[in-house]
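Chain residues, written in single-letter form:
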Amino acid sequence: MSCWSGDDVIGWFEAAAEAAAARQTETLRRILERNRAAEYLRKWLGDADVQHLEASALESLFTSSVPLASHADLEPYIRRIADGETTPLLTQEPITTLSLSSGTTEGRPKYVPFTRHSSETTLQIFKLAAAYRSRVYPIREKGRVLEFIYSSKRYKTKGGITVGTATTHVYASEEFKMKQQQTKSYTCSPQEVISSGDYKQSTYCHLLLGIHHSDRVEYVTSTFAYSIVQAFRSFQEVWREICNDIREGTLSSRVTIPDVRRAVLEVLRPNPGLASRVEAKCQDLERRDWVGLIPELWPNAKYVYSIMTGSMQPYLSKLSHYAKNLALISAEYGSTESWIGVNLEPCTPPDKVTFAVIPTFSYFEFIPLHRQSHGGPDDFVEDDPVPLSQVKIGQEYEIVLTTFTGLYRYRLGDVVEVAGFYRNTPKLSFICRRKLILTVNIDKNTEKDLQSVVARGSQILRSTGAELVDFTSHADVGKQPGHYIIYWEIEGEVEEGLLGECCREMDAAFVDQGYVVSRKSNSIGPLELCIVEKGTFKKIMENFIANGAALSQFKTPRCTSNPVLLRILNVCTIKRFHSTAYAS
Ligand code: AMP
């Protein structure tokens, strides 16, 4: 598989998509046969013979015997694995590595099994997506990629199991190292920079080496768009230092890790000509508020490639600002638990992107969700799960995964809509995380609802030239009546009167009927908008990183009750506004 050309990998996927239903049953059969002896499966399937059942009998035996599960249901098994138990619990082969998935809302990452299958499928989907991208945007042989990727520290549980984020495991895997050697294009930064464990030093080196290789950079990428935005925000502060390093062939004293220094200094050579050109461009860009930074500094870049959907959507406008006319290609859909779908149409703008499900990676089920007409927009009623072959265009579903890594009928918590089909595999639009994040009493608001409300409120900032850097929220039920608090970090000066207007606009923008009714009856109090000082959200990100998260997978929690985060937010609050009375 690893030596496949672009055409081969597309051919493989097209055949799989054509026979999607059959590939799904084969996948289920392989997962069950392989892990038949695992304690979890034995508990639910007893001695049933999965080998000789025909396809539909196998699917119905599985779905009627094994219950839908949440992470909490599997946690006791994962805990035993972490503690070093080696009997087959979730999989036949012992699990030696666990990943930390985001679980950002409460700031507590969850453990998810990681196996060789996880890194193989990661590289397979990377290759597939790259093949589709290069049909539209061919890249030069042996070009460079400016990749803002970061490993986190890995550690061992007391049972000797290695723990880290999924991206960290992938970057450390043999498969990834092989890909780095074999692919047409190379990351600008050596492995030491990716795995330095200090995101500030890594970011500086990624930027410096990106400039060093600037003429050869074919595209700019990161896992989540957040990392690109944060990297260029820091570029605005450190570009003079970077130019100096380029001119002298030196490395700033802000990079202190010996291995990183050695690896970077091995690459750099004094280049006064490049330094002067970049300096002149940066002076000009600074005057123009850094619009078009990417194409100016990386003139041969063909596109920016990253996850730009879901919780990354709020960073899209800043990304477009830096990218100007350069294509923005939304990257694949997946999770620590399993990869799900690939973007086959790189020209589609990020807000319209769909992901074609890869029917051999996991066994997928879909819980039909119906929005209640009298409820808020995200007040769902569920039907029984259906297999991939029975999904319908226009219908929304929650995804359920059965994976090679030992998750069985696991509710992922993501809501997707079937936008169409590629051959016989569904193309999904990502809608939102299902979990409610803001609720005081009968009100129900998801991350997506909050995102729309904040987008409405921050529109008002446009006229001032100020911009929203990041945001989060909290449902404060400590005092009666409970109320929502929205925290904003803003760049630029905004008059108090205007911020008061943003606060009122957001309060009025919640369309969930539970909220509207509760606000009218004052069983939910006025919305509070807290403006936090510059750098607050960086502190939040750093808090996550200190607790084991990696920048590559970081997503700002859009709502939090975590006391540590609330303390940071409240200490950093510099202005408060209340929305006053609610219009009836
Ligand atoms: P994690 O496992 O921590 O990396 O987070 C996985 C979650 O990130 C998924 O369950 C989705 O909610 C979100 N996610 C991943 N890929 C995408 C994507 N392309 N678009 C929108 N959300 C995504």
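Cut-offs applied
Residues numbered from 1 in each chain as written. Predicted model: local features only at pLDDT ≥ 70, side-chain atom pairs only at ≥ 80, totals over all residues. Heavy atoms only, no water. Core = buried A, V, L, I, M, F, W, Y, C linked by side-chain atoms within 4.5 Å. Buried < 20%, exposed > 50% of the residue type's maximum accessible area, 1.4 Å probe, protein only. Helix = DSSP H or I, 4+ residues; strand = E, 2+ residues; numbered from the N terminus. Contact = heavy atoms within 4.5 Å. Domains from an automatic or database assignment. Buried area = accessible area lost by both parts, 1.4 Å probe. Polar contact = N/O pair within 3.5 Å; in protein donor to acceptor, adjacent residues only side chain to side chain. Pairing = 2+ DSSP bridges. Axes fitted to C-alpha atoms, helices over the stretch in contact; angles between N-to-C directions. Phe/Tyr/Trp six-rings, centres within 6.5 Å; stacked < 30°, edge-to-face > 60°.

Membership of the largest hydrophobic core comes to 96 residues, with the highest contact counts inside it found for Phe13, Phe232, Phe235, Leu293, Ile294 and Trp298. Ranked by the residues each element gives to this core, the list is headed by helix α11 (residues 225–248), at twelve residues. Apart from residues no more than four positions distant in its own chain, Phe232 is found in contact with Phe148, Leu207, Val220, Leu293, Ile294, Trp298 and Tyr322. Of all hydrophobic cores here, the second largest spans 48 residues; its members include Leu32, Leu58, Leu100 and Tyr363.

As a further point, take the domain arrangement of the protein chain. Many analyses report the size of an interface as the accessible area lost when the parts associate. Segmenting the protein chain into domains produces domain 1 (6–114 + 334–433), domain 2 (116–158 + 185–333) and domain 3 (447–578). Using only C-alpha atoms to locate each centre, domain 1 and domain 2 end up separated by 32 Å. Counting residues at the interface gives 35 residues for domain 1, matched by 30 residues for domain 2. A combined buried area of about 3,000 Å² lies between domain 1 and domain 2, and 69% of that area is made up of carbon and sulfur atoms. Contact with domain 2 buries area across many residues of domain 1, yet Trp339, Pro346 and Pro350 alone supply 22% of it, more than any other trio.

Further remarks concern the side chain of Thr162. With respect to the helices and strands, Thr162 occurs in strand β5 (residues 162–165). Among the residues examined, Thr162 registers a relative accessible area of 15% and is labelled buried. A distance of 3.1 Å separates polar atoms of two side chains, one belonging to Thr162 and the other to Lys156. Beyond its immediate chain neighbours, meaning those up to four positions away, Thr162 contacts Thr96, Thr97, Leu98, Arg154, Tyr155, Lys156 and His169.

With respect to topology, four strands assemble into an open sheet ordered β21-β22-β23-β24, the strand pairing being mixed. What marks the edges here is a single partner per strand, and that holds for β21 (467–476) and β24 (573–578). Looking at each pair of strands side by side, their axes are set apart by 20 degrees on average, direction ignored. As judged from the five bridges shared by strand β22 (residues 483–491) and strand β23 (residues 528–532), these two strands associate in the parallel manner. The residue of β23 that forms the bridge with Ile486 is Leu529. On top of the sheet, helix α19 (residues 536–546) reaches β21, β22 and β23; it is set at about 110 degrees to β22, its chief contact.

Time to look at the pairing of strand β16 (residues 396–402). Of all seven residues making up β16, seven are buried, and the element is well covered by its neighbours. Side chains of β16 alternate between two faces, with Glu396, Glu398, Val400 and Thr402 and Tyr397, Ile399 and Leu401 buried alike. Two elements, strand β13 (residues 363–371) and β16, share seven bridges in a ladder whose sense is antiparallel. Bridge pairing links Pro368 to Tyr397 in β16. In this sheet, strand β17 (residues 410–422) lies alongside β16 in antiparallel orientation, the contact comprising five bridges. When the bridges of β17 are listed, Glu396 appears paired with Glu417.

We now examine the packing of aromatic side chains. Taken as a whole and judged by the stated rule, the model has 25 aromatic pairs. A ring pair is formed by Tyr219 and Tyr303, whose centres lie 4.7 Å apart and whose planes are at 20 degrees; its orientation type is stacked. Of the two residues, Tyr219 sits in strand β7 (residues 217–224) while Tyr303 sits in strand β8 (residues 303–307), which places them 84 residues apart along the sequence. On the basis of relative accessible area, Tyr303 is assigned to the buried category, the value being 2%. Arranged with centres 4.7 Å apart and planes meeting at 45 degrees, the rings of Phe510 and Tyr515 form a pair that is tilted.

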